[in-house]
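# A structural walkthrough
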Amino acid sequence: MTIYVMSGATLIDPTYDLASKPITIYNYGTLQFTSENKFIAKGQYIYNYGDANWSNNTIANQGHLYVGGDFKAKAWNNWQGGGTLYVSGSFEYPNVDLIFDGNFYIGGKLSAKNITFNNNAKLYNECGVFAKENINITGNNCELHVAYLNAQKLDQCATSNIYLKNNSFINTPNYVNHNAGVGSITLEGDNAVAYIIGEKLHYNHSDGNKNDLKMFRTSGNQSKIYFKGVFCEEGSDNPVQPTLNNEANVIEVTTENQNDFTIKKDDCNPGHNDNGDPTPGPDPTPEPKADLDLITTIEYPNHTHEISATCVKEYNNKMYLSYHTRGAGHGACLEVFSPVTNNQVTMEQYLQDTENMIDFNHLIVDGKTTTPRVLTVGSHHKKGAMTATIDIKNDGLLNTESTEITENQETKTIEPMQMINLVPATAENAKLGYDENCIVRDGDKYVVATTRGYMVYDTDFNEIKMTKTDGRVKHLSLNKGKIASLTFDRQLTETEDENTAIPAHINIYPAGTTDFSVTPEHSFAVEAITPNNGKNTIALVGDRVYACLGGAGFYCYDLDGNVKWHYQIKNALNTQGDKAGLYKAAANGCFIGGKYIYVAYGSAGLKVLDMDGNLVAERYKKIKKGNYSANYVTVYNGYIYVAHGRDRLQVYKLYNCDADTDVSYNE
């Protein structure tokens with residue numbers, strides 16, 4: 001049955017549910033219900049054109065109710081398996097508890113004392129959702145599509161999801177995510193921005209890994225979720241330091257970046273940094289700002305560890321990633337990835353040190369040997385400083401098969417990974433604490449930077465020359481017939497720690513040098529380095545030397561040691577607490593492109609500079625206590641690969657600026 005109520009006419013419905021019969025009502029006039037409780041049953045459709053004023057009735061819905069204006073009723077009564085409610089205007093019950101189960105579209109303001117979403121409830125709201133007290137999302141398949149959300153507490157359970165669009169804002173003193181490995185807040189669309197303020201951001205460890213927080217996500221390109229608040233574990237107000245989500249561009253709001261974004265204000269949304277336009281006119285088209293976008297999240301099925309990614313290199317369309325254990329202890333891994341395809345990176349192989357004996361600090365891929373191979377340097381818990389080699393098969397994977405050979409009628413097993421010890425592998429030598437920091441191939445030789453000095457081998461790892469130095473040799477760089485090194489002037493004393501500033505020099509020798517005790521062609525002092533246990537990568541490019549000098553930042557020198565420019569993050573020093581006077585973050589690794597310079601700046605993330613040292617774009621990480629540090633960076637086919645400590649491999653792309661030219665330098 002279909003009923004049309006024309007303009008000026010009135011339809012009076014005295015029933016509770018119209019006998020639950022299928023019926024469709026198109027109301028252009030006045031629709032009155034005489035029953036105090038009105039139930040819209042399944043199969044019933046009511047289309048009300050204009051405001052709905054049912055102030056004497058409590059409405060329950062399991063059918064379909066469409067209101068072309070504001071919705072006003074005595075109360076809204078939840079009905080399990082609720083139907084569809086469409087309200088183009090507002091739905092306001094500021095002193096009443098509302099419970100929703102069904103599909104809801106509310107174009108205007110939705111307000112109540114408490115709002116609960118059960119079962120499969122889905123809400124689409126264009127303006128804002130306001131609760132004087134709590135918003136509770138309880139159902140496994142609940143979805144909230146909102147632009148502005150304000151409550152004293154936002155409580156999200158199960159596999160529910162909150163979807164934001166560009167210009168969205170969530171403001172709640174207390175956000176609790178009870179299933180942070182699955183339930184999430186997702187910002188949809190490309191080039192979108194959202195802002196989340198929560199004095200306390202509580203979450204549990206539903207996926208068993210508190211360091212891989214996945215409750216914030218961005219599904220499009222170049223989108224960002226800015227947040228302001230403190231992360232706490234569920235049931236506690238004690239702050240914790242999780243890894244900021246690898247599935248989203250998530251940026252903590254600080255005094256340095258709080259003006260970097262704008263949320264437009266409207267009738268519901270108070271906005272952020274939106275001062276309005278005193279002379280309204282056509283919206284100008286702003287010049288796009290260069291930006292970094294997190295391209296991909298790498299899944300690690302059945303392969304988890306707490307060790308730190310140290311170096312990443314490309315060879316023959318494969319990416320190779322090394323790991324070590326930061327600080328005391330050992331534990332290493334080598335991983336092989338395919339590069340970005342369709343915004344995804346796939347891990348193809350891993351070799352993990354399950355006995356926690358090895359650290360890998362740096363790696364190279366040598367494609368000049370008969371069989372290409374990966375060479376890594378670091379240390380072994382029982383054998384001390386060492387270099388390890390492993391062959392690469394034709395498919396780019398590492399050769400993990402042992403082989404047997406017979407010599408003098410004796411069968412020997414050759415393991416796939418060969419280790420070359422810096423000093424004899426004795427327990428006494430292992431206690432000396434020697435380590436290897438970097439390796440390069442120089443012609444028909446390998447040069448290794450160690451904490452003891454320079455070690456030179458031939459390509460069969462026969463020792464050519466060991467040159468001892470007063471301090472650690474931190475890094476090496478080869479370019480156009482020269483080899484540069486960054487070397488500490490002295491070792492640490494027994495009373496000094498990682499935060500002691502150690503004086504250092506950059507020395508430049510002719511390529512092919514085997515005896516590094518000779519006078520270098522160029523030598524100059526650099527800024528004292530603290531913390532002194534970082535990567536401190538250098539890059540020699542033509543007549544420039546680029547150096548990552550820890551907390552002091554990133555320097556560009558000429559060959560005589562004159563500073564051409566210097567980049568350091570703003571407010572680089574801690575000013576309060578037990579870290580006062582120490583640097584917040586340290587420049588660790590760099591990659592010099594043809595047009596841009598890419599700096600892995602520790603816990604401050606990835607920085608992209610132009611060739612004059614000006615910041616072009618940055619991927620800012622929450623500055624926190626160690627282990628999530630951007631350590632090394634390389635660029636391949638327009639994608640930026642970062643060995644990001646316990647954040648493992650991160651891949652970014654630079655947008656809204658001229659593309660980089662052919663790479664001018666690659667170790």
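All figures in this text were calculated on a predicted structure; none of them were measured in a lab. (Residues numbered from 1 in each chain as written. Predicted model: local features only at pLDDT ≥ 70, side-chain atom pairs only at ≥ 80, totals over all residues. Heavy atoms only, no water.)

### Observations regarding the overall build of the protein chain
A tally of regular secondary structure across the protein chain gives 1 helix and 55 strands. In the protein chain, which comprises 667 residues, the proportion classed as buried is 55%. Put simply, 46% of the contacts in the protein chain that link residues at least 6 apart link residues at least 24 apart. Put simply, the protein chain shows about 28,600 Å² of open surface, and 44% of that area lies on carbon and sulfur atoms. (Helix = DSSP H or I, 4+ residues; strand = E, 2+ residues; numbered from the N terminus. Buried < 20%, exposed > 50% of the residue type's maximum accessible area, 1.4 Å probe, protein only. Contact = heavy atoms within 4.5 Å. Areas by Shrake-Rupley, 256 points an atom, 1.4 Å probe, with all protein chains shown as cover.)

### Observations concerning the sheet that holds strand β39 (residues 453-458)
Sheet architecture is open: 4 strands sit in the order β37-β38-β39-β40, paired in antiparallel fashion. Each edge of the open sheet carries a strand with a single partner, namely β37 (436-442) and β40 (463-468). Adjacent strand axes in the sheet meet at a mean angle of 15 degrees, parallel and antiparallel pairs treated alike. In terms of strand pairing, strand β38 (residues 445-450) meets β39 through 5 bridges, oriented antiparallel. (Pairing = 2+ DSSP bridges. Axes fitted to C-alpha atoms, helices over the stretch in contact; angles between N-to-C directions.)

### Focus on unusual backbone geometry
Note that the residue after Thr530, namely Pro531, is joined by a cis bond; omega there is -10 degrees. The topology assignment puts Pro531 in the loop between β44 (522-529) and β45 (538-541). Phi is positive for Asn342, close to 50 degrees, though the residue is something other than glycine. Mapped onto the elements of the fold, Asn342 is located in the loop between β29 (333-341) and β30 (344-352). One non-glycine residue, Asn656, adopts positive backbone phi at about 60 degrees. Tracing the sequence through the fold places Asn656 in the segment after β55 (649-655). Residue classification places Asn656 among the partly exposed positions, given a relative accessible area of 37%.

### Section: the sheet that holds strand β32 (residues 373-380)
Strand order across the open sheet formed by 4 strands is β31-β32-β33-β36, with antiparallel pairing between neighbours. Strands at the two margins of the open sheet, each flanked by one partner only, are β31 (358-366) and β36 (417-421). Taken pair by pair, the neighbouring strands of this sheet meet at an average axis angle of 25 degrees, ignoring direction. Strand direction decides the pairing type here: strand β33 (residues 384-391) and β36, joined by 5 bridges, are antiparallel.

### Observations concerning the packing of aromatic side chains
A complete count under the given rule lists 40 aromatic pairs for this structure. Seen in terms of ring centroids, Phe71 and Phe91 are 4.7 Å apart; in terms of plane orientation they differ by 20 degrees. Their pairing is stacked. Here Phe71, found in strand β9 (residues 71-77), pairs with Phe91, found in strand β11 (residues 91-100); they are 20 residues apart in sequence, far enough to count as distant. Look at Phe71 and you get buried, because its relative accessible area is 2%. An aromatic cluster is present here, built from Phe33, Trp54, Phe71, Trp76, Phe91, Tyr93, Phe100, Phe104 and Phe117 joined pairwise through their rings. The ring of Phe130 carries the charged tip of Lys109 above its face, separated from the ring centre by 4.5 Å. A cation sits over an aromatic face here: Lys653 above Tyr639, 4.6 Å from the ring centre. (Phe/Tyr/Trp six-rings, centres within 6.5 Å; stacked < 30°, edge-to-face > 60°. Lys NZ or Arg CZ within 6 Å of the ring centre and 35° of its normal.)

### A short note on the environment of Val563
Along the chain, Val563 turns up in strand β48 (residues 563-567). The partly exposed category is assigned to Val563, whose relative accessible area is 46%. The spatial distance from the C-alpha of Val563 to the C-alpha of Val545 is 9.6 Å, given a sequence separation of 18 residues. For Val563, the residues in contact, after removing those within four places along its chain, are Tyr555, Cys556 and Tyr557.

### So, the side chain of Ser603
Residue placement: Ser603 occurs in the loop between β50 (596-600) and β51 (606-610). Residue class for Ser603 comes out buried when judged on its relative accessible area of 12%. A distance of 3.2 Å separates the side chain of Ser603 from the backbone oxygen of Lys584, its partner in a polar contact. (Polar contact = N/O pair within 3.5 Å; in protein donor to acceptor, adjacent residues only side chain to side chain.)

### Observations concerning the nonpolar core
Phe71, Phe91, Phe117 and Ile135 are the most contacted members of the largest nonpolar core, which has 59 residues in total. Sequence-distant contacts of Phe91, defined by excluding residues within four places in its chain, comprise Phe71, Trp76, Leu85, Leu98, Phe100, Ile106, Lys109, Leu110 and Ser111. Counting residues in each nonpolar core, the second largest holds 37 residues, with Ile295, Cys311, Phe337 and Leu398 among its members. (Core = buried A, V, L, I, M, F, W, Y, C linked by side-chain atoms within 4.5 Å.)

### Some remarks on the side chain of Ser322
Along the chain, Ser322 falls in strand β28 (residues 318-324). Residue Ser322 is classed as buried on the basis of its relative accessible area, which comes to 0%. One polar contact links Ser322 to Thr310, side chain to side chain, over a distance of 2.7 Å. With sequence-adjacent residues up to four places away left out, Ser322 is seen in contact with Ser308, Ala309, Thr310, Cys311, Cys333, Leu334, Phe360, His362 and Leu363.

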